[in-house]
Amino acid sequence: AQKITQTQPGMFVQEKEAVTLDCTYDTSDPSYGLFWYKQPSSGEMIFLIYQGSYDQQNATEGRYSLNFQKARKSANLVISASQLGDSAMYFCAMREGWGDDKIIFGKGTRLHILP
Amino acid sequence: DAGVTQSPTHLIKTRGQHVTLRCSPISGHKSVSWYQQVLGQGPQFIFQYYEKEERGRGNFPDRFSARQFPNYSSELNVNALLLGDSALYLCASSLWQGASEAFFGQGTRLTVV
């Protein structure tokens, strides 16, 4: 079974609109962390936001927020007021437990912002 | 402060050759991880080193090896290259194992011909 599922291979959104990128995860470990990364065509993986499994509040970083619904095992990324520079590949990822720093990535969602 | 730096940025090798990729973590970061990203997929975990010890290994053949140096920089070595090893190799660094932030370098794009 996939650990991280991103069901939207691609999305087209009008500039200045809000965007929600879906992510569900699967783990039996009570301690885990969830990440979102942005990967432009240049290839660099840019860290956006992190949510720990014990965090009570949803994580926010500027225009990015993580809608964490633990019971549903959902960790959607919300980008407010999208910009042309937001066009990129977005990866949801998870680290389980504290044994190592292995991060498991989803297959990604390609986001296109339209002017 | 400099981010995670990787070298070289691009590399072309022939099947059967050996390659060494290098990574310098963010200053003060002690955990370094390596990932392979083939075209169209998410990155796959290869190794993690913390305080110069291997702490995690992904499902990769023994042709892949790595090490971490006293200054926390790291090398990834791949022997007997195959065409399927062509990928973007990414290095990530964290302050400590299990930290809430993991920062990636720009990657080394390896092409095996």
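Residues numbered from 1 in each chain as written. Chains lettered and ligands numbered in written order. Predicted model: local features only at pLDDT ≥ 70, side-chain atom pairs only at ≥ 80, totals over all residues. Heavy atoms only, no water.

S.K.: Explain the interface of chain B and chain A to me, please; I cannot follow it from the model alone.
M.R.: Accessible area lost during the coming together of the parts is what is often quoted as the interface size. Across the contact, 25 residues belong to chain B and 19 residues belong to chain A. Taking both partners together, chain B and chain A bury about 1,700 Å²; carbon and sulfur atoms supply 53% of that area. Looking at the side of chain B facing chain A, the largest losses of area belong to Gly98(B), Ser100(B) and Phe104(B), adding up to 26% of the total buried there. Across the contact surface, chain B and chain A share zero salt bridges. At the surface where chain B touches chain A, the tally comes to six residue pairs in polar contact (both at pLDDT 80 or more). At the level of secondary structure, the elements contributing two or more residues to the side of chain B that touches chain A comprise strand S4 (31-37), strand S5 (44-50), strand S6 (53-57), strand S9 (87-94) and strand S10 (103-104) of chain B. If one sorts the elements of the side of chain B that touches chain A by residue count, S4(B) sits on top with four residues. (Contact = heavy atoms within 4.5 Å. Buried area = accessible area lost by both parts, 1.4 Å probe. Salt bridge = Lys/Arg side-chain N within 4 Å of Asp/Glu carboxyl O. Polar contact = N/O pair within 3.5 Å; in protein donor to acceptor, adjacent residues only side chain to side chain. Helix = DSSP H or I, 4+ residues; strand = E, 2+ residues; numbered from the N terminus.)

S.K.: Can you help me understand the nonpolar core in this one?
M.R.: Where a protein is soluble and globular, its nonpolar side chains tend to be buried together. One finds Val19(A), Tyr25(A), Trp36(A), Ile49(A), Leu77(A), Tyr90(A) and Leu111(A) to be the most contacted residues of the largest nonpolar core, which totals 26 residues. Looking at this core, the elements with two or more residues in it are strand S2 (10-14), strand S3 (19-21), strand S5 (32-39), strand S6 (46-52), strand S8 (64-69), strand S9 (74-79), strand S10 (88-96) and strand S12 (109-114) of chain A. Not counting residues up to four positions away in its chain, the partners in contact with Leu77(A) are Val19(A), Thr20(A), Leu21(A), Trp36(A), Leu48(A), Ile49(A), Tyr64(A), Ser65(A) and Tyr90(A). Of all hydrophobic cores here, the second largest spans 22 residues; its members include Val19(B), Val32(B), Ala66(B) and Leu110(B). (Core = buried A, V, L, I, M, F, W, Y, C linked by side-chain atoms within 4.5 Å. Buried < 20%, exposed > 50% of the residue type's maximum accessible area, 1.4 Å probe, protein only.)

S.K.: Can you help me understand the side chain of Thr27(A) in this one?
M.R.: Assignment of secondary structure puts Thr27(A) in the loop between strand S4 (24-25) and S5. At 3.1 Å, the side chain of Thr27(A) and the backbone nitrogen of Asp29(A) are in polar contact.

S.K.: So what exactly am I meant to see when it comes to empty space enclosed by the protein here?
M.R.: Over the atoms a probe the size of a water molecule is rolled, and this reveals where empty space is left. All chains considered together, the criterion is met by one cavity of 30 Å³ or more. A volume near 40 Å³ is recorded for the largest cavity. The wall of the largest cavity is formed by Arg95(A), Asp101(A), Ile103(A), Ser31(B), Val32(B), Ser33(B), Tyr35(B), Ala92(B), Ser93(B), Ser94(B) and Ala102(B). For the lining of the largest cavity, the leading source of residues is S4(B), giving four residues. The class makeup of the residues in the lining of the largest cavity is five nonpolar, four polar and two charged. (1 Å grid on protein atoms, 1.4 Å probe; cavity = no way out; pocket = protein on both sides within 12 Å on 5 of 7 lines; lining within 4 Å. Points joined across faces, edges and corners; volume = space filled by probe spheres on them. Nonpolar A, V, L, I, M, F, W, Y, C, P; charged D, E, K, R; others polar.)

Read these as geometric descriptors, not functional statements.
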